[in-house]
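# Topology and contacts: notes
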Amino acid sequence: MVVDTLASGAVPLIIQDLIAGFGNVLTPFNMFLFFIGITLGMMSGAIPGLNGTMTVVLMVPITYAMSPDSGIMMLAVIYAAAVYAGSISAILFKVPGAPEAIMTTLDGYPMNQNGQLREAISTAVFASAFGGIVGTLILIFFSPVLAEFAIQLSDPEFFAVILLGLALVSTIGAGNITKATMMMCFGLFLGVFGFDPLTGVPRFTFGSNYLASGIDFIPVILGVFAFSEVLKQIQSGGSLIGGGEGGGSNFSEATSGSMFPPLNYFKRFGRILGVNSVMGTIIGVLPGAGATTGALFGYTFGQRLVPKSVREKFGTGVPEGVAAPETANNAAASGAFVPLLTLGIPGSATTAVILAAFILHGIRPGPSLIEQQGPLVYTIFAALLLANVAILLLNKPVVRLFLQVRHIPRELLLSLIVIFTVVGAFATRNIMADLWTMFIFGVAAYYLEKYNYSVAPMVIGLVLGPLAEPSLRRSLTKAGGDWMVFFQRPVSAVMITLAVFTFFIPLIMDSTQFGDRIREQLGLTELEQ
Amino acid sequence: MSEDESGIETLREQAPPSVSRDMGITVVFLLFAAAFLYLSEQFAGNRISQYDPGATIWPRAALLVIVAAGVLNLVLLYQRAKKNDESIIPKLSSEVMTLSEKQRQYVLAIALSVAFFLSQDYIGFFVSAPIFLFVFSYAIGYRDLGKLTVFSLVTGLVVFFLFRNVVNIALPYGTGPFREISIWAANLF
């Protein structure tokens, strides 16, 4: 099918339309909107409490006064820029600016603390732009094929993909698989508070309206990453920006030199870039998954794509740990446009808002959209490509701007972070109890991390759990309760088998003497050294 | 803080986590899982059809894995303690506990955060944020009162107006006169 698409002579036509799309974006008014979109996207991604979805929602009414090409193009650019910008505050302050940047925090912030700020940021920029560009190219050339693939996927496949992701999560707590598993299942369990997604029966609500609405993952993220870091900094007296007093040479390195990241990144992160950009796009294509899920999968897949010596250092500040989620989340952001444009089904919360913008302009996305609204669709494609190039080009000035915070004394910066965690936790649902959730998880995470109970698997469990449960139960209900449904469909059978192997093999290999003997016999110990 | 005290603190930070506390955390997880496994009985049997495994299958699966992983973790921790000749019973010290400067700041930071969260319903964000910024920064060691006053007022105002007036997110207004003040401030722009 893919070959058909490429061999049918469609490629020259696509390129012709794409050039026309670039021509449309490069008009003065659209370029003005493009830069507004990039600026707003970066701001909303980098400031905790704001996010790309919120900004797109706020900008929808403004697009009324514009042509659909200009308005929807601007919304798409905001989305792409916001997904990247979340990594800036994640790396600088351990505060994920947007949920998509959760996984970037795990290695980005330790890199900053280790004095590798420049490398962390340039890796994030490079990986984001690469993932975004590959994702957009896949979107341009294979949208119809991917849409057909997405339609064929049903609940068993969706559940199997999530199960594989959960199995990969167990590797995040390398060396502490039992603790990582406990934390992941704790996260899965936190996701069940509130109304049962199928029957509507309240679960573990204890008569509380707050628990009935469920535990939102944003206050949890802000608590476990940002608030706990504030407590840690107060206890240790450390500095938020590593590399000497206030950043020192680390700062000058981060803001000087070439506008582009080093070209050797292609070689260094080759496998991660290749696999995660394709995998991220596919995750993005799945309705309901989005860039956050893409980042979660990207990080865990990334661990499997690097040598064990690097894998064991994930979470301590390795560039691969930044490249993996950043490639995948930006690719997923592009992938989320596939079901939107070809089926009229949003792949994420932000694309749902963009769908609303289409409808407000009297356009209904669907299988005939590309034929009927070619100029509009190719303007969006061209804008997405340009947005990712702009991320590369604007990186230095943006980072320079953000690094001005190094002049702020540590005490003021810590109090500012607390204010942003409070606003961020409150802003999502306007519920005061979310502040307490943030606080409790922040304090708990501070102590849990002291004893190597990694909080990242918990957050992943909390995000993936509410997606997994309905898929599991719908699959079984449709199959008349037959558990074999997961093995009767080829994609889900392969995924579940992979999940079982992925979970149990590291457990056996890492935790037992039997594993040590096998590694010795296979000569893997020497290779690892 | 003297050099000796600072050295002791650094050593304390670098010391490996105690097995007894580590085991304690796992036990808390086990008790949590056991309690919720029991509570899950309340909605057992709720299903949309006879083929639906029901509203308990997912939470119970997660809780059972917590129990299994927790027990395994306890075994591994016990083995580690045995191997390293560590005691799994926490040592009780008869010494009077004294807090270092950083520990005092840590306790204060938590107390001030709690006070700030509690104040939101009554005082509102507009009034409480500058006060919190001032007191919190002072408590954790910032002493330039002039700059601190300017920072607290400007930051509190900017965050309030950014979220209230630019992105239309109503931060808590508080009650009574504080509510009036917040509404007046929001309407300024």
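All values reported here derive from a predicted model rather than from experimental measurement. (Residues numbered from 1 in each chain as written. Chains lettered and ligands numbered in written order. Predicted model: local features only at pLDDT ≥ 70, side-chain atom pairs only at ≥ 80, totals over all residues.)

The next point concerns the overall build of chain A. When helices and strands are tallied, chain A shows 28 helices and two strands. When each of the 529 residues of chain A is scored for burial, the buried share is 59%. Taking contacts inside chain A between residues at least 6 apart in sequence as the whole, the part at least 24 apart equals 77%. (Helix = DSSP H or I, 4+ residues; strand = E, 2+ residues; numbered from the N terminus. Buried ≥ 20, exposed ≤ 12 C-beta atoms within 10 Å, placed from the backbone. Contact = placed C-beta atoms within 7 Å.)

Residues and elements named next belong to chain A. Mapped onto the elements, Pro 61 comes out in helix α4 (residues 52-63). C-beta crowding within 10 Å serves as the criterion here: with 10 such atoms nearby, Pro 61 is assigned to the exposed category. Sequence separation between Pro 61 and Leu 386 is 325 residues, and the spatial gap between their C-alpha atoms is 24 Å.

For the rest of this paragraph, the subject is the nonpolar core. Grouped together as the largest cluster of nonpolar side chains are 204 residues, with contacts concentrated most on Ala 76, Val 77, Ala 81, Ala 383 and Val 459 of chain A. In terms of residues, this core owes the most to one element, helix α5 (residues 68-93) of chain A, which gives 19 residues. The two domains that each donate at least three residues to this core are domain 1 (17-83) and domain 2 (101-188) of chain B. Sequence-distant contacts of Ala 76 of chain A, defined by excluding residues within four places in its chain, comprise Ile 354, Ile 380, Ala 383 and Leu 384 of chain A. (Core = buried A, V, L, I, M, F, W, Y, C linked by C-beta atoms within 7 Å. Domains from an automatic or database assignment.)

So, about helix α6 (residues 102-113) of chain A. All names here are of chain A. Taking 1.5 Å as the rise per residue, α6 with 12 residues should run 16 Å; its terminal C-alpha atoms sit 17 Å apart, in good agreement. Buried residues in α6 make contact with α5, α7 (117-152), α11 (217-236), α15 (290-305), α17 (319-335) and α24 (456-478). A positive phi of about 85° marks Gly 115, the residue just after α6. (Expected span 1.5 Å × (residues − 1).)

All names here are of chain A. For Phe 381, the location among the structural elements is in helix α21 (residues 374-402). For the pair Phe 381 and Met 73, spaced 308 residues apart in the sequence, the C-alpha separation amounts to 8.6 Å. The residues contacting Phe 381, other than those within four sequence positions of it, are Leu 18, Gly 21, Thr 136, Leu 139 and Ile 140.

This part is about the packing of helix α8 (residues 155-169) of chain A against α24 of chain A. Residue and element names in this part refer to chain A. Packing of α8 against α24 leaves a shortest axis separation of 8 Å and a crossing angle of 155°. It follows that α8 is roughly antiparallel to α24 by the angle criterion. When the axes of α8 and α24 are compared, the crossing they make is left-handed. Contact with α8, carried on its side by Asp 155, Pro 156, Phe 158, Phe 159, Ile 162, Leu 163, Gly 165, Leu 166 and Val 169, involves Pro 457, Ile 460, Leu 464, Leu 467, Ala 468, Ser 471, Leu 472, Arg 474 and Ser 475 of α24 and no other residues of that element. (Axes fitted to C-alpha atoms, helices over the stretch in contact; angles between N-to-C directions. Parallel < 35°, antiparallel > 145°, perpendicular 65-115°, else oblique. Left-handed = near helix turned anticlockwise from the far one by under 90°.)

At the junction of the two partners, chain B supplies 54 residues and chain A supplies 52 residues. Elements represented by at least two residues in the side of chain B that touches chain A include exactly α2 (19-39), α3 (57-83), α4 (101-119), α5 (125-139) and α6 (145-166) of chain B. For the side of chain B that touches chain A, the leading source of residues is α3 of chain B, giving 11 residues. In the side of chain B that touches chain A, the residues fall into 36 nonpolar, 11 polar and seven charged. (Nonpolar A, V, L, I, M, F, W, Y, C, P; charged D, E, K, R; others polar.)

The subject of this paragraph is the domain arrangement of chain B. As assigned here, chain B comprises domain 1 (17-83) and domain 2 (101-188). Averaged C-alpha coordinates put domain 1 of chain B and domain 2 of chain B at centres separated by 40 Å.

Right, let's talk about unusual backbone geometry for a bit. Look at Phe 204 of chain A: it is not a glycine, yet its phi comes out positive at around 50°. The exposure class assigned to Phe 204 of chain A is partly exposed, which follows from the 18 C-beta atoms found within 10 Å.

Residues and elements named next belong to chain B. Where α2 contacts α3, the two axes come as close as 9 Å, and the packing angle between them is 160°. The angle between α2 and α3 places the two elements in the roughly antiparallel class. Here α2 and α3 pass one another in a crossing that is left-handed. Residues Val 19, Asp 22, Met 23, Thr 26, Phe 29, Leu 30, Ala 33, Phe 36 and Leu 37 of α2 form the contact with α3, whose participating residues are Pro 59, Arg 60, Leu 63, Ile 66, Val 67, Gly 70, Asn 73, Leu 74, Leu 77, Arg 80 and Ala 81. The residue makeup of the contact of α2 with α3, split by class, is 14 nonpolar, three polar and three charged.

With that settled, consider the confidence of the model for chain A. All names here are of chain A. For chain A, per-residue confidence averages 82 on the pLDDT scale, and 86% of positions sit at 70 or higher. Taken element by element, chain A is modelled with least confidence in helix α28 (residues 524-528), mean pLDDT 45, and with most confidence in strand β2 (residues 202-203), mean pLDDT 94. In the model, residues 244-249 has pLDDT below 50 throughout and makes nine contacts with residues more than four positions away in sequence or in other chains. Low confidence marks residues 522-529, where pLDDT is under 50. Its contacts with residues over four positions away, or in another chain, come to five contacts. (pLDDT = per-residue confidence, 0-100.)

Fine structural detail should not be taken from predicted coordinates in areas where pLDDT scores are low. Residue and element names in this part refer to chain B. Of the residues in chain B, 84% have a pLDDT of 70 or more, and the chain-wide mean is 85. Between the elements of chain B, mean pLDDT differs from a low of 48, seen in helix α1 (residues 3-14), to a high of 95, seen in α5. Residue range residues 10-14 is modelled with pLDDT below 50. Its contacts to residues more than four positions away, or to other chains, number one contact. Among the scores for the predicted complex, ipTM is 0.88 and pTM is 0.80.

Moving on to the environment of Thr 123 of chain A. Residue and element names in this part refer to chain A. Tracing the sequence through the fold places Thr 123 in helix α7. A count of 31 C-beta atoms within 10 Å places Thr 123 in the buried class. Linking Thr 123 and Tyr 265, residues 142 residues apart in sequence, is a C-alpha distance of 7.8 Å. Ignoring anything within four residues of it in the chain, the contact list for Thr 123 reads Tyr 265, Pro 319, Val 322 and Ala 323.

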